[in-house]
Amino acid sequence: MLKKEEVENIRADFPILSEQVKGQPLLYLDNAATSQTPTAVIDTIVDYYSRYNANIHRGVHHLSQTATDAFEEARATLQEHFGVDKPHQIIFTSGTTHSINIVASGMSALLKSGDEILVSAMEHHSNIVPWQMLCEKTGAVLKVIPMNEAGELDLKAYSALLNERTKMVFFNHISNALGTVNPVAQMVEMAHRVGAAVLVDGAQAAPHLVVNLKELGVDFYTASAHKMCGPTGIGMLYGKEEWLLKLPPYQGGGEMIAEVTFDKTTYADLPHKFEAGTPNVCGGIAFGAAVKYMNSIGLDKIGAYEEELTRYASEKLLEIPGLKIYGTAENKTSVISFNVEGLHPYDIGSLLDQMGIAVRTGHHCAQPIMDFYRIPGTVRASFSFYNTYEEADRLVAGVQRAVNMLQ
Amino acid sequence: MKAISDIQEEIIDEFMLFEDWMQRYEYIIDLGKSLPLIDEAHKTENNLIKGCQSKVWVHADMEEDKLHFTADSEAILTKGIIAILIRVFSGQPPQAIVDASTDFIDQIGLKEHLSATRANGLVSMIKQMKLYAVAFQSQRQ
């Protein structure tokens, strides 16, 4: 658990946190969309472009070798961080959406009409649409694992949906709209009993939890650097080796080939098979730096602090008459999605913005969840370890002021 | 009948009276709350404006050569903004609406104080009101 002084020191690592917005100190509570970047990561980016910017893997010259080493070291950092056996099981992608598309696209060669794939009711659109496209292509059937009012997946219904036709199961580790932490290990075990592969979208979990992929047993896992104190445009796909070998490549191009003739091309080994073209070298290196930064604080401490802070802010918010929180799962963290009776989330969000408070409003790319609760959207405040209890109080006071103005 | 440009001047003057944007927002909220109710029958899919993040309906009627707008939205701030647009355009001849400049939006600083999605919505609302004017104008000719 982080102490007050520790959080103050951490805040000093993030230059953006001393920005003013509309004449007031920035209060940043849109961390589930993008987290802020510490000096250690910014410096890594500056250092890369100042000292060793080069194309990797093919160059014989010094800069190329330095860049290649740094890129591969970042991969090893991720490997170790996520408890993965081999570095080539970590594929660098442009982010979670790209990662999911690699798997969905590859699976189209392995699925046939009548196969079933399961997707949870609390998914981000990027973990729904690629599978719908896959079903259209293959004739496989998409089925939905339902959730209850609290925003928890119905494991009984999930169990009933699983059968020998089930080939894949997809769900998020933590819901971006509700903050629910799903029981990954248990759900993976259930899927494996019928021989189905499991992809877990870890975009929201990787910034908040210690994630050991070997222990969780997942077949695929995705994460995005920009939600973990890293830059945008870089993320990762983890895959079990047998799956990554089985999946056909996603894109053709440089870097992903072993040999090319006009008769036939043989593909490169992992991970390069899935990294066609020049990768986001600087992004990958900075992703590694971001993970190292978070580990220097400790993800267990980060997670415990964020959970307490989220609980504190939730309790305070609930003192506002008519305020309802969506997503009240027993196991949840970091995200508070709410509405105030009779008020539109856009109105509250716009007024908070005038007060220098950054929250997100809308359907959070998870329209099925909004349909489930029959609401147009919510206001979402999402916390990070650099947010403070004083900021939680300022959010509550801001919401109260907005409500007073609007009612 | 006041000219559109005169009404716009009045609105610019009113906005200048406020010290900060919170006060301006309060004013917009009051305008939103006092926007006359639209006939429920006009809250149709056809009258829904595309490009707004909250649902917005705008309906137009022609009476004695003047165009009259009614509107509604789920969000109060959006209603307040429509109320301003209705004050500018409602009760004007279609040609005057088609020809009207909308620089006053920039002059009161409304656009820069709206989120990008809302600013797009504002542009869509103005476009829709002008389209109504064009449509009624061409009906008359």
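Residues numbered from 1 in each chain as written. Chains lettered and ligands numbered in written order. Predicted model: local features only at pLDDT ≥ 70, side-chain atom pairs only at ≥ 80, totals over all residues. Heavy atoms only, no water.

Looking at an unreviewed UniProt entry, one finds chain B named Fe-S metabolism protein SufE and attributed to Aureicoccus marinus. Quoted verbatim from the Sequence similarities (unreviewed entry) field of UniProt, the annotation for chain B is "Belongs to the SufE family." (UniProt positions renumbered as here; feature names shortened; annotations may be inferred.)

Going by the annotation in an unreviewed UniProt entry, the name recorded for chain A is Cysteine desulfurase, with Aureicoccus marinus given as the source organism. Taken directly from UniProt, the Catalytic activity (unreviewed entry) text for chain A runs: "(sulfur carrier)-H + L-cysteine = (sulfur carrier)-SH + L-alanine".

Visitor: Help me out: how do you make sense of the pairing of strand β7 (residues 166-172) of chain A in this one?
Guide: Consecutive residues of a regular strand have side chains that alternate between opposite faces of the sheet. All names here are of chain A. Where burial is concerned, most of β7 is hidden: six out of the seven residues are buried. Across four bridges, strand β5 (residues 116-120) lies against β7 in parallel orientation. Considered in β7, the bridge of Leu-118 is made with Val-169. The pairing of β7 with strand β8 (residues 197-201) spans five bridges and is parallel. Across the sheet, residue Val-169 finds its bridge partner in β8, namely Val-198. Tracing the backbone out of β7, into helix α7 (residues 184-193) and back to the parallel element β8 gives a crossover that is right-handed. (Buried < 20%, exposed > 50% of the residue type's maximum accessible area, 1.4 Å probe, protein only. Helix = DSSP H or I, 4+ residues; strand = E, 2+ residues; numbered from the N terminus. Pairing = 2+ DSSP bridges. Right-handed = clockwise from strand over helix to strand, strands pointing away.)

Visitor: What is the right way to look at the sheet that holds β8 of chain A in this model?
Guide: To summarise the sheet geometry, strands pair through backbone hydrogen bonds and adopt either a parallel or an antiparallel arrangement. Residues and elements named next belong to chain A. Read from one edge to the other, the open sheet built from seven strands follows the order β4-β10-β9-β8-β7-β5-β6, with strand pairing classed as mixed. The open sheet terminates on both sides in strands that have one partner only, identified here as β4 (90-93) and β6 (141-145). Adjacent strand axes in the sheet meet at a mean angle of 20 degrees when their direction is disregarded. Here helix α3 (residues 62-81) sits on the sheet and contacts β4 and β10 (235-239); the angle it forms with β4, its principal contact strand, is near 120 degrees. (Axes fitted to C-alpha atoms, helices over the stretch in contact; angles between N-to-C directions. Contact = heavy atoms within 4.5 Å.)

Visitor: What is the right way to read the nonpolar core from this model?
Guide: Side chains of a nonpolar character, in soluble globular proteins, are inclined to be buried together. Core analysis: the biggest nonpolar cluster contains 154 residues, and Phe-82, Val-169, Tyr-221, Phe-385 and Leu-395 of chain A together with Phe-69 of chain B have the highest contact counts within it. Per element, the largest residue contribution to this core is eleven residues, and it comes from helix α10 (residues 281-297) of chain A. Each of two domains, domain 1 (4-30 + 298-406) and domain 2 (42-296) of chain A, supplies a minimum of three residues to this core. If near-sequence neighbours (up to four positions away) are discounted, Phe-69 of chain B is found in contact with Val-58, His-59, Ala-60, Ile-86, Phe-89, Ser-90, Ile-97, Met-129 and Tyr-132 of chain B. Judged by nonpolar contacts, the second largest core, of 24 residues, contains Val-103, Val-119, Ala-140 and Phe-220 of chain A. (Core = buried A, V, L, I, M, F, W, Y, C linked by side-chain atoms within 4.5 Å. Domains from an automatic or database assignment.)

Visitor: Mind showing me how you'd approach the domain arrangement of chain A here?
Guide: When the parts of a complex come together, some accessible area is lost, and that lost area is often taken as the interface size. Residues and elements named next belong to chain A. You can read the domains of chain A as domain 1 (4-30 + 298-406) and domain 2 (42-296). In this assembly, 35 residues from domain 1 lie in contact with 32 residues from domain 2. Here domain 1 is connected to domain 2 by zero salt bridges. Where domain 1 meets domain 2, there are 15 residue pairs in polar contact (both at pLDDT 80 or more). Among the secondary structure elements, those contributing two or more residues to the side of domain 1 that touches domain 2 are α11 (299-317), β13 (323-326), β14 (335-340) and α13 (367-373). A total of six residues in the side of domain 1 that touches domain 2 trace back to one element, the largest contributor, which is α13. Classifying every residue of the side of domain 1 that touches domain 2 by side-chain character gives 17 nonpolar, eleven polar and seven charged. (Salt bridge = Lys/Arg side-chain N within 4 Å of Asp/Glu carboxyl O. Polar contact = N/O pair within 3.5 Å; in protein donor to acceptor, adjacent residues only side chain to side chain. Nonpolar A, V, L, I, M, F, W, Y, C, P; charged D, E, K, R; others polar.)

Visitor: What is the right way to look at the state of the cysteines in this model?
Guide: By definition, a disulfide is the covalent link that joins the sulfur atoms of two cysteine residues. Residue and element names in this part refer to chain A. Tallying each qualifying case throughout the model produces zero disulfides over all chains. The thiol of Cys-229 is unpaired, and the distance to the nearest cysteine sulfur, on Cys-282, comes to 16 Å. Judged by its relative accessible area of 1%, Cys-229 is buried. A relative accessible area of 7% places Cys-282 in the buried class. (Disulfide = S-S within 2.5 Å.)

Visitor: Which parts of the structure should I look at to understand the interface of chain B and chain A?
Guide: Opposite the 15 residues of chain B that make contact, chain A presents 13 residues. In total, chain B and chain A occlude about 1,300 Å² of area from one another, counting both sides; carbon and sulfur atoms represent 59% of this. Here chain B is connected to chain A by zero salt bridges. Scanning the region where chain B abuts chain A turns up seven residue pairs in polar contact (both at pLDDT 80 or more). Of all the secondary-structure elements, those providing two or more residues to the side of chain B that touches chain A are α2 (21-34) and α3 (76-89) of chain B. Sorting elements by how many residues they give to the side of chain B that touches chain A places α2 of chain B first, with six residues. Here the side of chain B that touches chain A is composed, by residue class, of seven nonpolar, four polar and four charged. (Buried area = accessible area lost by both parts, 1.4 Å probe.)

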